[in-house]
Amino acid sequence: MKKDRLAHFKKHLLEKQRQLLEEVGKSALYGKGHEDDSIKDLGDQASTSYTREFLFELGNGDRRLLKEVTTALQKIEEGSFGTCERCGEPIAEKRLEALPFARYCIGCQRAVEEEERMATG
Ligand SMILES: [Zn+2]
């Protein structure tokens, strides 16, 4: 992906991350009681204790989203942004425009969601 496109997505992601972190602040005040089994899994994946503590305070939806946004920003740094984690093909820029933190191409996204549904019942 071209550098100016990467910078464009990075800007979007940083903005999204900022919004979510603001939500974290609110959740920290009002949103106690979200603890569940997914936190352990999340904690294992979070790269820093800084991230882990923020994620811990988030509601499920926001927490998951923030994790995805943070992962996408890491991928920009690593140079792997815009590549499907499942099949290794480039993710369509149109898809990234709508979902800059997308981890999978559209085909794999469907497959992954199907697998998640099977796993969680
Ligand atoms: Zn794919």
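Thresholds applied
- Residues numbered from 1 in each chain as written.
- Predicted model: local features only at pLDDT ≥ 70, side-chain atom pairs only at ≥ 80, totals over all residues.
- Heavy atoms only, no water.
- Helix = DSSP H or I, 4+ residues; strand = E, 2+ residues; numbered from the N terminus.
- Buried < 20%, exposed > 50% of the residue type's maximum accessible area, 1.4 Å probe, protein only.
- Contact = heavy atoms within 4.5 Å.
- Areas by Shrake-Rupley, 256 points an atom, 1.4 Å probe, with all protein chains shown as cover.
- Salt bridge = Lys/Arg side-chain N within 4 Å of Asp/Glu carboxyl O.
- Expected span 1.5 Å × (residues − 1).
- Core = buried A, V, L, I, M, F, W, Y, C linked by side-chain atoms within 4.5 Å.
- Donors = N, O, S within 2.8 Å, 3.2 Å for Na, K, Ca; no water.
- Tetrahedral: all angles 85-135°; square planar, octahedral: opposite > 155°, others 65-115°.
- pLDDT = per-residue confidence, 0-100.

J.: Any chance you could explain the overall build of the protein chain here in plain terms?
T.: Summing up its helical and strand segments, the protein chain has 6 helices and 0 strands in all. In the protein chain, buried positions account for 32% of the 121 residues. Relative to all contacts within the protein chain whose residues are 6 or more apart in sequence, the contacts with residues 24 or more apart total 58%. Carbon together with sulfur atoms contributes 53% to the accessible area of the protein chain, which is approximately 8000 Å² in total.

J.: What should I look at first to understand the pattern of salt bridges in this one?
T.: Two side chains that carry opposite charge are able to pair once their charged atoms sit near each other. Per the counting criterion, the structure on display carries 11 salt bridges. We note a salt bridge from R86 to E115, for which the minimum N-O separation is 2.6 Å. Highlighted residues: R86 in the loop between α4 (60–78) and α5 (93–98) and E115 in helix α6 (residues 106–120), separated in sequence by 29 residues. For R86, a relative accessible area of 41% puts it in the partly exposed group. The partner of E114 in a salt bridge is R117, and the shortest N-O contact between them spans 2.6 Å. Here R117 and E114 lie together in helix α6, a separation of 3 residues that amounts to about one turn. The exposure class assigned to E114 is partly exposed, which follows from its relative accessible area of 38%. Look at the salt bridges and you will find they share partners, linking R5, E93 and E97 into a network.

J.: Hey, could you run me through α4 in this one?
T.: In an α-helix, one full turn covers 3.6 residues, which means residues spaced three or four apart are oriented alike. For α4, built from 19 residues, the straight-helix expectation of 27 Å at 1.5 Å per residue is met to within 8% by its first-to-last C-alpha distance of 27 Å. If you check which residues of α4 are buried, you get R63, L66, E68, V69, T70, A72, L73, K75 and I76. Just downstream of α4 lies G79, where phi reads positive at about 85 degrees.

J.: How should the nonpolar core be read in this particular structure?
T.: L13, V69, F81, C84 and L96 are the most contacted members of the largest nonpolar core, which has 20 residues in total. Of all the elements in the fold, those that place two or more residues in this core are α1 (3–30), α4 and α6. Contact partners of C84, with chain neighbours within four places excluded, come to E89, I91, R103, Y104, C105 and C108.

J.: Even after reading the chapter, I still don't get the side chain of K75, so can you show me in this structure?
T.: With respect to the helices and strands, K75 occurs in helix α4. The residues touching K75, leaving out its near neighbours within four places in the chain, are S80, F81, T83, E85 and R103.

J.: Looking at this structure, how should I read the coordination of the zinc ion?
T.: In the first shell of the zinc ion, the protein supplies C84 (SG), C87 (SG), C105 (SG) and C108 (SG), at 2.3 Å from the metal. For the zinc ion, the 4 donor atoms are set out with angles of 104 to 117 degrees between them, so the coordination reads as tetrahedral. Among the residues examined, C87 registers a relative accessible area of 39% and is labelled partly exposed.

J.: What exactly am I supposed to notice about the environment of M1 here?
T.: Inspection of the secondary structure assignment puts M1 in the segment before α1. Excluding residues that lie within four positions of it along the chain, M1 makes contacts with L6, F9, F81, G82, E93 and L96.

J.: Help me out: how do you make sense of the confidence of the model for the protein chain in this one?
T.: Any residue range with low pLDDT should be treated as having predicted coordinates unsuitable for detailed reading. Of the residues in the protein chain, 73% reach a pLDDT of 70 or more, and the chain-wide mean stands at 82. By mean pLDDT, the top-scoring element of the protein chain is α5 (95), and the lowest-scoring one is helix α2 (residues 38–45) (50). Note on residues 33–38: pLDDT under 50 across the span, and 9 contacts to partners over four residues away in sequence or across chains.

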